[in-house]
Amino acid sequence: MIGVGIETSCDETSIGIVRDGRELLSLRIFSQIDLHKPYGGIVPEIASRAHLEKINPLLEEAMEEARVSFEDLEYVAVTSSPGLTGSLMVGAQLARCIHLVYGTPILPVCHLQSHFAVLHLEGVPTQFPALGLLLSGGNSAIYILHEFGRMELLGDTMDDALGEAFDKVAGLLGLSYPGGPEIEAKAQEYRPSSDETPILPPLLRNLPQDRVSFSFSGLKTAVMVLLEKEKDRSAEQVCWNFQNSAFDLVERNLKRAVALTGIRRIYAAGGVLANSTLQKRLQSWAERNSVELFSPKKKIYCTDNGAMVATLGYYLFRKGYKRDIDFTVSPSRQEIFS
């Protein structure tokens with residue numbers, strides 16, 4: 001069964017073509033980073049215009065690489081939420097066009113759930129329930145994954161998402177956008193003493209102990225105060241301290257989620273998982289705590305991409321899921337999507 005996935009939720013335009021939810025036939029991505037870099041963040045109007053310009057050429061390239069025709073497609077999956085409304089509409093219109101011309105069934109899917117589905121392209125077993133850790137520019141949350149198309153929010157961020165915090169701290173340090181790769185590179189240059197540990201600000205130490213809860217705005221403020229009071233601190237040391245403090249909180253919340261649910265299988269996904277330091281820490285934590293943890297081996301699967309949309313679409317299509325042409329797009333998160 002061959003299906004196409006269309007991803008235009010934010011600042012990546014992408015088309016993915018997948019066979020049987022396990023084999024990637026083609027993946028094309030246009031990253032808008034250079035377009036948004038001068039503004040230090042994503043500009044919605046620029047994003048939607050770029051999607052409109054790039055989506056058709058990417059589709060043509062993907063179809064050629066996969067050596068398939070539109071008649072070969074059994075479904076077209078498209079991100080319908082959450083995301084920037086104007087950007088989502090570009091992908092939705094392409095899906096509608098394919099449906100109108102070729103009669104291909106349409107599957108609007110949840111962007112958040114797609115991030116977890118892409119792991120199955122790397123051979124991860126499809127066993128539920130599982131915990132889903134999602135860390136990106138707009139999301140820092142832990143879910144209970146009940147099945148494809150249905151997940152339950154266990155814990156969310158009280159303020160900034162982790163990727164957003166990386167961008168803000170990078171701005172304080174005069175580093176370029178996006179902040180994640182810049183901060184990781186600086187942190188790797190720092191050589192801490194054998195007994196040096198990152199210091200969590202009081203806000204994080206005082207987070208509720210009886211539930212899963214993220215908070216990263218306090219870390220940003222702590223970095224700002226540190227830079228004002230101790231101007232001789234190197235950017236490398238500040239980045240190391242910030243990064244490890246943030247990852248400490250991720251580990252603490254995973255431990256709490258496992259204790260609350262008894263679930264010892266975790267799928268980790270999202271753009272922040274492209275950070276190799278985080279990947280290593282999570283794997284080490286999982287081994288110490290006898291937890292099965294799966295995260296993308298390929299960095300391209302951490303980013304927003306059409307392959308993850310096509311993969312989720314495959315499993316939903318097998319369940320009989322599809323929608324009419326008048327489906328809607330939404331900027332809001334939908335914790336349970338069925």
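Going by the structure above, here's the rest.
Residues numbered from 1 in each chain as written. Predicted model: local features only at pLDDT ≥ 70, side-chain atom pairs only at ≥ 80, totals over all residues. Heavy atoms only, no water.

Asks: Can you help me understand helix α8 (residues 217–229) in this one?
Replies: Along an α-helix, residues three or four positions apart point the same way, because every turn accommodates 3.6 residues. With 13 residues, α8 should cover 18 Å at 1.5 Å per step; its first-to-last C-alpha distance of 19 Å lies within 8% of that length. Within α8, burial applies to Ser217, Gly218, Leu219, Val223 and Leu226. (Helix = DSSP H or I, 4+ residues; strand = E, 2+ residues; numbered from the N terminus. Expected span 1.5 Å × (residues − 1). Buried < 20%, exposed > 50% of the residue type's maximum accessible area, 1.4 Å probe, protein only.)

Asks: Help me understand the sheet that holds strand β6 (residues 130–135), please; the structure alone is not making it clear to me.
Replies: Taken together, the 6 strands give an open sheet; going across it, the order is β9-β8-β7-β6-β10-β11, and neighbouring strands pair in mixed fashion. Each edge of the sheet is formed by a strand with only one pairing partner; in this case those strands are β9 (213–214) and β11 (292–294). Direction of pairing for β6 relative to strand β10 (residues 265–269): parallel, over a ladder of 4 bridges. Looking at the pairing, Leu131 lines up with Ile266 of β10. Sitting on the sheet, helix α9 (residues 235–261) touches β6, β7 (140–147), β8 (150–157), β9, β10 and β11, and the angle it makes with β6 is about 160°. (Pairing = 2+ DSSP bridges. Contact = heavy atoms within 4.5 Å. Axes fitted to C-alpha atoms, helices over the stretch in contact; angles between N-to-C directions.)

Asks: Hey, could you run me through the pairing of β6 in this one?
Replies: Every other side chain in a regular strand lies on the same face of the sheet, so the side chains alternate between the two faces. The element β6 is extensively covered by neighbouring structure, given that 6 of its 6 residues are classed as buried. Neither face of β6 is exposed, since Ala130, Gly132 and Leu134 on one face and Leu131, Leu133 and Leu135 on the opposite face are all buried. Sheet topology note: the β6/β7 ladder contains 6 bridges and is antiparallel. Bridge assignment links Leu135 to a residue of β7, and that residue is Ser140. The loop that links β6 with its antiparallel partner β7 comprises 4 residues.

Asks: Explain the layout of surface pockets here, please?
Replies: If a probe as big as a water molecule is rolled over the atoms, it shows which places are left empty. Within this model, the largest pocket holds a volume of roughly 1200 Å³. In terms of lining residues, the largest pocket is bounded by 38 residues, among which Asp11, Ser136, Gly137, Gly138 and Gly271 are the most central. Those elements giving two or more residues to the lining of the largest pocket turn out to be β3 (23–31), α4 (111–117), α5 (162–172) and α6 (179–189). The residue inventory of the lining of the largest pocket, partitioned by class, reads 15 nonpolar, 16 polar and 7 charged. (1 Å grid on protein atoms, 1.4 Å probe; cavity = no way out; pocket = protein on both sides within 12 Å on 5 of 7 lines; lining within 4 Å. Points joined across faces, edges and corners; volume = space filled by probe spheres on them. Nonpolar A, V, L, I, M, F, W, Y, C, P; charged D, E, K, R; others polar.)

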